[in-house]
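Here are the chains, one letter per residue:
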Amino acid sequence: MLDNRTEMLLNIINMYCQEGSYKVLDKDDVLLQFVPKYRPDRDGLDDMMNYLIERDYIKCKYTDFKVYCVSPLPKGRLYHENTLIEQKKKFSYKRLVFMAFLGSVLGGMLGAAIHAAVIKFFG
């Protein structure tokens, strides 16, 4: 299980390396992709990269003080895909709740209208 920042970094890498090949990523560009609330400093970014490399989420061919040359490994792509599937499930659950609420409101309005019509004609 990854923390929020490391998971964001893995998602950023997967976004840049969609074909699974090596890409050269500028550290400043990677840092700008983070949500400001979770944006690390350069040392924190290096630590997160090392964490992902050590646990076989990504492979780093080259690094220096400005760039990384990285590629996601199958474990990293699978983690990213599972995250996307979970997000879709959450979205569909929210939609289900909204549709159930809307259906109950409309059903209540229709029931009240039918009740009013019955009272008017037979009452």
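This section reports on the structure supplied with the text. Values in this document were obtained by computation on a predicted structure and should not be read as measured data.

## What to know about the pairing of strand β3 (residues 67-72)
Remark: a regular strand shows side chains that alternate across the two faces of the sheet.
And step 1. For β3, the tally of buried residues reaches 6 of 6 residues, placing the bulk of the element in the interior.
And step 2. Alternating residues of β3 divide into V67, C69 and S71 and Y68, V70 and P72, and every residue in both groups is buried.
And step 3. The sheet contact formed by strand β1 (residues 23-26) and β3 spans 4 bridges and is antiparallel. Counterpart to K23 in the pairing with β3 is V70.

## Section: the sheet that holds β1
And step 1. Sheet architecture is open: 3 strands sit in the order β1-β3-β2, paired in antiparallel fashion. Here the strands that pair on one side only, and so sit at the sheet edges, are β1 and β2 (58-63). Strand-to-strand twist in this sheet, taken as the mean axis angle between neighbours without regard to direction, amounts to 35°.

## Let's talk about unusual backbone geometry
Glycine aside, the phi torsion of most residues is negative, and most peptide linkages are trans.
And step 1. In this model, D56 sits at a positive phi of 60°, which is unusual for a non-glycine residue.
And step 2. Looking at the element boundaries, D56 is found in the loop between α3 (42-54) and β2.
And step 3. With relative accessibility at 48%, the residue D56 sits in the partly exposed group.

Scoring rules and cut-offs
Residue numbers run consecutively from 1 along every chain, following the written order of its sequence. Owing to the predicted nature of the model, reporting of local features is limited to residues with pLDDT of at least 70; listing and counting of side-chain atom pairs is limited to 80 or more, with chain, interface and lining totals taken over all residues. As a rule here, side-chain values cover all heavy atoms of the structure and leave hydrogens and water aside. In this scheme, a residue with accessible area under 20% of its type's maximum is buried, one over 50% is exposed, and one in between is partly exposed, where area comes from a 1.4 Å probe on protein chains only. Runs of H or I in DSSP of at least four residues are treated as helices and runs of E of at least two as strands, each being numbered from the N terminus. Think of it this way: DSSP has to see at least two bridges between two strands before they count as a pair. For helices, the fitted line uses only the C-alpha atoms of the stretch in contact; every axis is such a line through C-alpha atoms, and the angle between N-to-C directions lies from 0 to 180 degrees.

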